[in-house]
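Structural features, examined
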Amino acid sequence: MTLAAPFAKKISRRIFLQSLMQAPLALFLAGCAGIGGGESGPRAPGLGAQARRQNRIYGAAVQSWQLKDAQFAAALKREAAMLVPENELKWDAVHPAPGRFDFRGYRRLAGFAHANGMAMRGHCLVWHRSNPVWLKAALVRASRGEAEKIMEQHIRRVLHETAPMIRQWDVVNEAFDPQSERADGWRETLWLRALGPGYVPLAYRLAHEADPDLILVYNDYGLAYSDRGGHRKRQLVLRFLERCMRDNVPLHALGLQSHLDPSRPLAGDEFTGFLEQVRGMGYAVLVTELDLNLARLPGPMAGNITPAQHYVRVYLDMLQKTGAIDTLLTWGLSDRYTWLREYWPHIEGALPLDRNLNRAALWETLRAGWLG
Ligand code: XIL
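Read on for an overview of the structure. (Residues numbered from 1 in each chain as written. Predicted model: local features only at pLDDT ≥ 70, side-chain atom pairs only at ≥ 80, totals over all residues. Heavy atoms only, no water.)

1. What to know about the site of the ligand
Here is the rule we go by: Here, proximity means that at least one heavy atom of the residue falls within 4 Å of the molecule or strand. We define a polar contact as two N or O atoms separated by no more than 3.5 Å, with the added condition that, inside protein, one atom must be a possible hydrogen donor and the other a possible acceptor, whereas residues neighbouring each other in sequence contribute only through side-chain atom pairs. Any residue that is not Ala, Val, Leu, Ile, Met, Phe, Trp, Tyr, Cys, Pro, Asp, Glu, Lys or Arg is counted as polar, Gly included; the first ten are nonpolar and the last four charged.
Close to the ligand lie 16 residues; Glu 86, Lys 90, His 123, Asn 173 and Glu 289 are nearest. A distance of 2.7 Å separates an oxygen atom of the ligand from a polar side-chain atom of His 123. In the model, an oxygen atom of the ligand is placed 2.9 Å from a nitrogen or oxygen of the Trp 331 side chain. Looking at the shell around the ligand, its residues break down into four nonpolar, six polar and six charged.

Dropping the structure here:
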C-alpha cells in the first residue's frame with residue numbers, strides 16, 4: 001500500500017466529528033457500555049482464544065526479530081492464534097539471488113508458531129514491492145517463457161517449504177491501481193510489463209498446481225472508502241473476481257487489508273453491496289491487515305483514539321452485514337512495532353495493544369465489534 005505524506009490530506013475536526021455523529025446511536029451506546037459477548041478487561045482471555053470459541057481465527061503480522069523482545073513474545077502468545085510474516089516471505093527476503101532461497105526468517109517464525117500452537121498464513125507470492133534487484137533486471141530482459149519459469153520456480157519452492165505450516169496464501173497482492181493510466185486499471189508492475197495481465201491468473205494456477213489443497217487469496221487495500229479511488233477499486237476487483245469465476249481460476253477468497261484511515265469516509269451501502277456480490281460468487285472474505293491510522297486526523301492523536309473506535313465499529317458492522325468474518329488479522333499487535341511508525345514516528349492507537357503492551361481501545365473494539 002502506498003502511503004501519502006502525512007500532510008497530504010487534512011480534514012477539519014468539525015467534519016470528522018460530524019461524520020462520527022452519523023454512526024447509529026445504538027452503536028455508540030453499545031460501544032461505551034462494552035455490551036456484547038466475550039470477555040473484557042486486562043485479565044480476559046486473548047483475542048485469539050476468544051475467537052477460537054467461535055471457530056474464528058485472530059492473528060497478527062510479526063517479524064522474527066521482534067520475538068527477541070520477551071515481553072512482546074509473551075503478549076503475542078497471549079493474544080494471537082495465527083501469525084503472518086510481515087516481510088519474511090516476501091520475494092526479496094526468501095529469494096535474494098536467482099535460484100537461491102533463504103528461509104531463515106520464516107523458519108524462526110514458524111518455529112515460534114509451532115511451539116505455541118499457532119497457525120500461520122502466507123504473504124505474499126507476487127507483489128510490485130519488496131522485490132530483489134536481480135528480479136527486476138531479469139524480468140526486463142526475459143522472454144515470456146523465461147518470465148513464467150522464474151515465477152514458477154519461486155512459487156513451487158516457497159510453497160514446498162511452507163506447506164506443513166501454511167495452508168492459506170495471499171498469492172497476488174495489490175494488482176489494481178485506481179490511478180492507473182491504463183483503462184483496465186491494472187497496476188504497472190514488473191510482472192505486468194513482462195507478462196501482461198495474464199500474470200495474475202498464472203500465479204493462481206501455479207500455486208494451485210503446486211499444492212491443490214491451499215486456500216488462495218487475492219489481497220488488496222482501500223476497498224471500503226466512498227471516494228473515487230475506493231469506488232474504482234471496487235469496480236476493478238469485482239470485474240476481476242467475475243472473470244476468475246468464469247475462467248475457473250483457482251482463487252478462493254478476497255483479503256481486505258483494512259488499513260483504516262478515519263479521515264476518509266466509508267462507502268456504506270456501496271461497500272456492503274460490493275461484499276454481497278463478492279460473497280454471492282462464492283468467495284470468502286477475510287480481514288488480513290487491519291490497523292488504524294490516526295495521523296491524518298486533525299488535533300492531537302491521543303484525543304482521537306476513542307472517537308475513532310466508532311469508525312472501526314462501523315467498518316466491522318458493514319463487513320459482517322453480509323456474512324461472518326472468520327479470519328481477522330491485524331498488521332502488528334502492539335504500537336511498539338507498527339509499520340506506520342516508519343511514516344509517523346509518534347503514531348498511537350494503531351493496534352490492539354499500546355506501546356507498553358497493555359490492551360488498548362482497538363482491542364476492545366475488535367472484541368465487542370467482531371467477537372461480541
Ligand atoms: C509493509 C511492512 O509492514 C513494512 O515493514 C515493509 O517495509 C513494507 O511492507 N500492504 C501489504 C504489506 O500488503 O505487505 C505491507 O507491509 C503493508 C501494506
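2. Notes on the nonpolar core
Rules: To qualify as a nonpolar core, a set must consist of buried Ala, Val, Leu, Ile, Met, Phe, Trp, Tyr and Cys residues joined through side-chain atoms within 4.5 Å. Throughout, exposure labels follow a simple rule: accessible area from a 1.4 Å probe, protein chains only, divided by the maximum for the residue type, with under 20% read as buried, over 50% as exposed, and the rest as partly exposed. Strands here are runs of E lasting at least two residues and helices are runs of H or I lasting at least four, both read from the DSSP assignment and numbered beginning at the N terminus. By the convention used here, residues are in contact when the closest approach between their heavy atoms is within 4.5 Å.
Grouped together as the largest cluster of nonpolar side chains are 120 residues, with contacts concentrated most on Trp 191 and Phe 271. For this core, the element with the most residues is helix 13 (residues 301–321), which contributes nine residues. Look past the residues within four positions of Phe 271 in its chain and what remains in contact with it is Leu 223, Ala 224, Arg 234, Leu 256, Tyr 315, Met 318 and Leu 319.

3. Section: the side chain of Glu 79
Mapping Glu 79 onto the fold places it in helix 4 (residues 70–79). Engagement of the side chain of Glu 79 in a polar contact is seen with the side chain of Trp 363, the distance being 2.9 Å. In contact with Glu 79, not counting residues within four places along its chain, are Gly 46, Leu 47, Gly 48, Tyr 58, Leu 333, Leu 353, Arg 359 and Trp 363.

4. Focus: empty space enclosed by the protein
Defined as follows: A cavity here means a set of points on a 1 Å grid, drawn over the protein atoms and nothing else, where a 1.4 Å probe fits but cannot get out; a pocket is an open set with protein on both sides within 12 Å along at least five of seven lines, and a residue lines either one if it has an atom within 4 Å of a point. Grid points are joined across faces, edges and corners, and a volume is the space filled by probe spheres set on the points.
Applying the stated criterion across every chain yields a total of three cavities of 30 Å³ or more. Of the volumes computed, that of the largest cavity is approximately 90 Å³. In terms of lining, the largest cavity is formed by 13 residues, of which the most central are Gly 222, Leu 223, Ala 224, Ser 258 and Tyr 315. Classifying every residue of the lining of the largest cavity by side-chain character gives eight nonpolar, four polar and one charged.

5. With respect to the side chain of Asn 219
Counting through the fold element by element, Asn 219 comes out in strand 5 (residues 215–220). For Asn 219, a relative accessible area of 0% translates into the label buried. For Asn 219, the side chain forms a polar contact with the side chain of Asn 173, separated by 3.0 Å. Each residue touching Asn 219, except ones within four places of it in the same chain, is listed here: His 123, Asp 170, Val 172, Asn 173, Glu 174, Gly 255, Leu 256, Gln 257, Thr 288 and Glu 289.

6. Topic: helix 6 (residues 104–115)
To keep things clear, this is the line we draw: What a helix is expected to span follows from its residue count: subtract one and scale by 1.5 Å. Taking the helix axis as origin, the arc is that swept by the directions to the C-beta atoms.
With twelve residues, helix 6 extends 16 Å between its outermost C-alpha atoms, agreeing within 8% with the 16 Å of an ideal straight helix rising 1.5 Å per residue. Looking only at helix 6, the buried set comprises Gly 105, Tyr 106, Leu 109, Ala 110, Phe 112 and Ala 113. One side of helix 6 carries all its buried residues, which in axial view fall inside an arc of 160°. Helix 6 presents Arg 104, His 114 and Ala 115 as exposed residues on the side facing more than 90 degrees away from its buried surface. Of the surrounding elements, those touching the buried residues of helix 6 are strand 1 (57–62), helix 4, strand 2 (82–85), strand 3 (119–126), helix 8 (144–162) and strand 4 (166–173). Of the residues trailing helix 6, Gly 117 is marked for its positive phi of about 65°.

7. Details of the packing of aromatic side chains
To keep it simple, the criterion reads: Note on aromatic contacts: the rings of Phe and Tyr and the six-membered ring of Trp form a pair at centre separations within 6.5 Å, being stacked when their planes are under 30 degrees apart, edge-to-face when over 60 apart, and tilted otherwise. Only when the NZ atom of a Lys or the CZ atom of an Arg is both within 6 Å of the ring centre and within 35 degrees of the ring normal do we say a charge sits over the ring.
Applying the stated rule across the entire model yields 14 aromatic pairs. When the centroid spacing of 5.2 Å and the interplanar angle of 85° are considered together, the rings of Trp 65 and Tyr 337 count as edge-to-face. With Trp 65 in the loop between strand 1 and helix 4 and Tyr 337 in the loop between strand 9 (327–330) and helix 14 (361–371), this residue pair connects regions lying 272 residues apart in the sequence. Assessed through its relative accessible area of 44%, Trp 65 is described here as partly exposed. Chaining the aromatic ring pairs together yields one cluster made of Phe 176, Trp 186, Tyr 199, Tyr 218 and Phe 240. Between the NZ or CZ atom of Arg 157 and the centre of the ring of Phe 101, over which it lies, the distance is 5.7 Å.

8. Some words on the pairing of strand 4
What counts here: Any two strands with at least two DSSP bridges between them are considered paired.
Most of strand 4 is tucked away, with seven of its eight residues classed as buried. As judged from the four bridges shared by strand 3 and strand 4, these two strands associate in the parallel manner. Paired with Gly 122 across the strands is Trp 169, a residue of strand 4. When strand 4 meets strand 5, the two strands line up parallel, connected through five bridges. By the bridge assignment for strand 5, Trp 169 is matched with Leu 216.

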